[in-house]
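Here is how the chains run, residue by residue.
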Amino acid sequence: MKKGNIGVTTENIFPIIKKFLYSDHEIFLRELVSNAVDASQKLKTLASIGEFKGELGDLTVQVKLDKENKTITISDRGIGLTAEEVDKYINQIAFSGANDFLDKYKDDANAIIGHFGLGFYSAFMVANQVDIISKSHKDGAKAVKWSCDGSPEYTLEEAEKADRGTDIVLHVDTESEEFLDESRISTLLHKYCSFLPIPVAFGHKKEWKEGKEVETEELNVINDTEPLWTRTPSDLKDEDYIAFYKKLYPMSDEPLFWIHLNVDYPFNLTGILYFPKIKSNIDLSKNKIQLYSNQVFVTDSVEGIVPDFLTLLHGVIDSPDIPLNVSRSYLQSDSNVKKISSHITKKVSDRLQSIFKTDRKDFESKWNDIKLFINYGMLTQEDFFNRAKKYSLFCDTDEKYYTFEEYQTLVKENQTDKNGNLIYLYATNKDEQYSFIEAAQNKGYNVLVLDGQLDVALINLLEQKFEKTSFSRVDADVIDNLIVKEEQIQTALEAKEVDALTATFKSQLPAMEKVEFHVMIQSMGENSAPLVITQSEYMRRMKEMASIQAGMGFYGEMPNMFNVVLNSDHELVKTVLEETEKSCEAEVAPIQTELSIAEARKAELKKDQEGKKDEEIPTAQKDELKDLDDKLNELKGKKDLVYATHAGSNKVVRQLIDLALLQNNMLKGQALNDFVKRSIDLI
Ligand code: ADP
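Residues numbered from 1 in each chain as written. Predicted model: local features only at pLDDT ≥ 70, side-chain atom pairs only at ≥ 80, totals over all residues. Heavy atoms only, no water.

K.L.:
Just checking my understanding: could you explain a nonpolar patch on the surface for this structure?
P.N.:
Taken together, Leu659, Leu662, Leu672, Val676 and Ile680 make up a surface patch of nonpolar side chains, about 400 Å² in accessible area. Every element with two or more residues in the nonpolar patch is listed here: helix H20 (651-663) and helix H21 (669-682). For the nonpolar patch, the element with the highest residue contribution is H21, accounting for three residues. (Patch = residues over 30% accessible without salt bridge, like charges linked within 9 Å, V, L, I, M, F, W, Y side chains within 5 Å. Areas by Shrake-Rupley, 256 points an atom, 1.4 Å probe, with all protein chains shown as cover. Salt bridge = Lys/Arg side-chain N within 4 Å of Asp/Glu carboxyl O. Helix = DSSP H or I, 4+ residues; strand = E, 2+ residues; numbered from the N terminus.)

Spelled out as structure tokens, the structure:
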């Protein structure tokens, strides 16, 4: 025996079938019913070309369950088999076919597990004996009975069978008795056989008579032999598509629109893809596309066959050209599958573009429902991005829609900064960022609403795709800093005034978990707000990315950093400064004197040490410098305490801070309560 070879011979084929196909035992029914359907279709074909001259009659395939005898029988009225054919197709071909199959995928157990079975022989996954009773359609054919208990030995004898066609009788083994349950078989038939092209019946229809359920004469046909995707699109109406959708997904809302796929060259593909209403939670909507091969259900996991973003769509794809009995990794590298995948992507994009072109209003009204899907596609597929950029929309705070190009034209003139960078302003919450939006609008700027699940990621992508363009959330900084038009007027305050204001406000900032504040002073004009709290675009975006993308956990752990920007031009800030200086002057002045002396001495020492190596500096000097640093820290602490004590009694400081916090939706609980009380006092 060779290494790496699972060594299949006809002697041990059955244990291997059982073992490798263990996870998917149920497919035996799909295999046998499709064989029956194939045999019936072959007879139809023969009849249509005049090679079969008898009556076709009713070709319904019947599945019957006999609990007492523990059998499942699949009967057809198709071409049937002669004794020679049984020998050729069942005894020889199928055995060697199974050998080939196992040989081909011997290194890839996954390809064997969970995918197409071995046709007829999959019957042995659930049965310890299988009988074929068949009568060929050929004139004068004699009925035959083939019987096999799973060992390589079989019997073949003449039999009695009135009607043309084949009965496959499965003697269900003890481990598989679950398949003797009527509802189990019914579920499986619905799953795999719902759209087979020949009627398939499971028992008879039942009805209620005198309080009892009784069988009627009518066969219980479970399938629709002409599913919508096999029909000509021009014959179909919207209602037909919607009704079919409802049949596939009884629990879903109506679809937004659909695409009827119909290709016969260079590969064969039919299907209908529906755009569902999706607003959030990507994963929930996945695995809704059903894959068929000639109307036989294969799988509802189409990953690897269609691009990931298309798995958000619903519907059916039917293609005999998708190789099914192979592993997923093989599938992804298959050239036919690649062609099919890019064809579907193109079709989907064409359809979106055509709706956009022919009925823009309609497209805009559906935008919120399809946006997530389109964004997902743009983020994951370069070619889809290039198509979708023509009809992908931005929505602004006035709920006006623009294409990327239209929007650029709209804001280019007014929102380009002094370095020639175009700044797109956006809000993620119109209510929470109201004051910032208003500040931007007062400058004549436009603000986009980017509140989608994938918008942070999309912004990052668009910044790479658009030239000299960056996105800034309206509250990332004060508006003049977001779009810098000319050199900033720095604050005209002196260093000690800056110190006083900074210490005063810093001392009154609330302590919050995982939040850090940084106080800054800027000249923003007397009509702008006295105090604004902003959050840097970069850090915020990194943190948001961290929450949707693996490997960025580091950012997620960082505190939220906010800037508290004081407007030194505002009357209230000026007053706070004046009052602070007035009431702290006496206490601060002596500390300040000491500070100045210590600072001067420190500078002197530093100068002396310049260019000297560590070992050349006398220990006494090192000690003095250390003492000076300690002293400076202590003095600064003392000075800050003076400001803090004063600030604590200045209601305006706290009030200004709270108002800004309130605007950022950051004032909660007791702090909010205190604010309300203080406001009442102030009134
Ligand atoms: P496959 O269907 O892939 O060829 P199977 O093992 O399922 O492989 O079947 C082997 C062959 O046996 C078929 O190709 C067909 O010729 C014959 N066969 C199976 N089932 C039937 C049936 N119900 N009626 C007539 N012929 C059948």
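K.L.:
Sorry, what's going on with the sheet that holds strand E10 (residues 269-275) here?
P.N.:
Hydrogen bonds along the backbone pair up the strands of a sheet, which may run parallel or antiparallel. Pairing in this open sheet of five strands is mixed, and the strands run E9-E10-E13-E11-E12 from one edge to the other. Among the strands making up the open sheet, the edge pair consists of strand E9 (257-263) and strand E12 (296-299). For this sheet, the mean angle separating the axes of adjacent strands, direction not counted, is 20°. Of the strands in this sheet, E9, E10, strand E11 (289-293) and strand E13 (314-318) are in contact with helix H6 (residues 238-248), which crosses E10 at around 85°. Sitting on the sheet, helix H8 (residues 335-358) is in contact with E9, E10 and E13, with an inclination near 135° to E9. (Pairing = 2+ DSSP bridges. Axes fitted to C-alpha atoms, helices over the stretch in contact; angles between N-to-C directions. Contact = heavy atoms within 4.5 Å.)

K.L.:
Explanation requested: the packing of aromatic side chains in the structure shown.
P.N.:
Aromatic ring pairs are described here by two measures, namely the spacing of the ring centres and the angle between the planes. The tally for this structure, following the rule as stated, stands at 36 aromatic pairs. For the ring pair Trp258 and Tyr274, a centre distance of 6.2 Å and an interplane angle of 55° mean the geometry is tilted. Of this pair, Trp258 sits in strand E9 while Tyr274 is found in strand E10, placing the two residues 16 residues apart along the sequence. Like Trp258, the residue Tyr274 is buried in the burial classification. (Phe/Tyr/Trp six-rings, centres within 6.5 Å; stacked < 30°, edge-to-face > 60°. Buried < 20%, exposed > 50% of the residue type's maximum accessible area, 1.4 Å probe, protein only.)

K.L.:
How do you make sense of the pattern of salt bridges when you look at a structure like this?
P.N.:
Pairing of side chains with opposite charge becomes possible as their charged atoms draw close. Under the counting rule described, the total for this entry stands at 37 salt bridges. One network of salt bridges, with partners in common, ties together Glu463, Arg473, Asp475, Glu537, Arg540, Arg541 and Glu544.

K.L.:
Can you walk me through the nonpolar core in this structure?
P.N.:
Soluble globular proteins tend to pack their nonpolar side chains together in the buried interior. Ranked by internal contacts, the top residues of the largest apolar core, which has 63 residues, are Val33, Ile72, Ile74 and Leu170. Sort the elements by how many residues they give to this core and helix H2 (residues 27-48) lands first, with nine residues. Both domains that meet at this core, namely domain 1 (2-221) and domain 2 (228-366), each give it at least three residues. Not counting residues within four places of it along the chain, the set of residues in contact with Ile74 comprises Leu29, Leu32, Val33, Ala36, Val61, Gln62, Val63, Thr166, Asp167, Ile168 and Leu170. One finds Ile289, Leu312, Ile317 and Trp367 within the second-largest nonpolar core, a separate group that totals 59 residues. (Core = buried A, V, L, I, M, F, W, Y, C linked by side-chain atoms within 4.5 Å. Domains from an automatic or database assignment.)

K.L.:
So what exactly am I meant to see when it comes to unusual backbone geometry here?
P.N.:
Across the chain, the bulk of peptide bonds are trans and the bulk of non-glycine residues have phi less than zero. Residue Pro266 follows Tyr265 across a cis peptide bond; omega there is 0°. On the secondary structure map, Pro266 appears in the loop between E9 and E10. Phi is positive for Lys70, which is not a glycine, with a value near 55°. Looking at where Lys70 falls in the secondary structure, it is placed in the loop between strand E1 (61-66) and strand E2 (71-76). The partly exposed category is assigned to Lys70, whose relative accessible area is 36%. At Lys468, a residue that is not glycine, the phi angle is positive and equals roughly 40°. Structurally, the position occupied by Lys468 is in the loop between helix H13 (455-465) and strand E18 (469-473).

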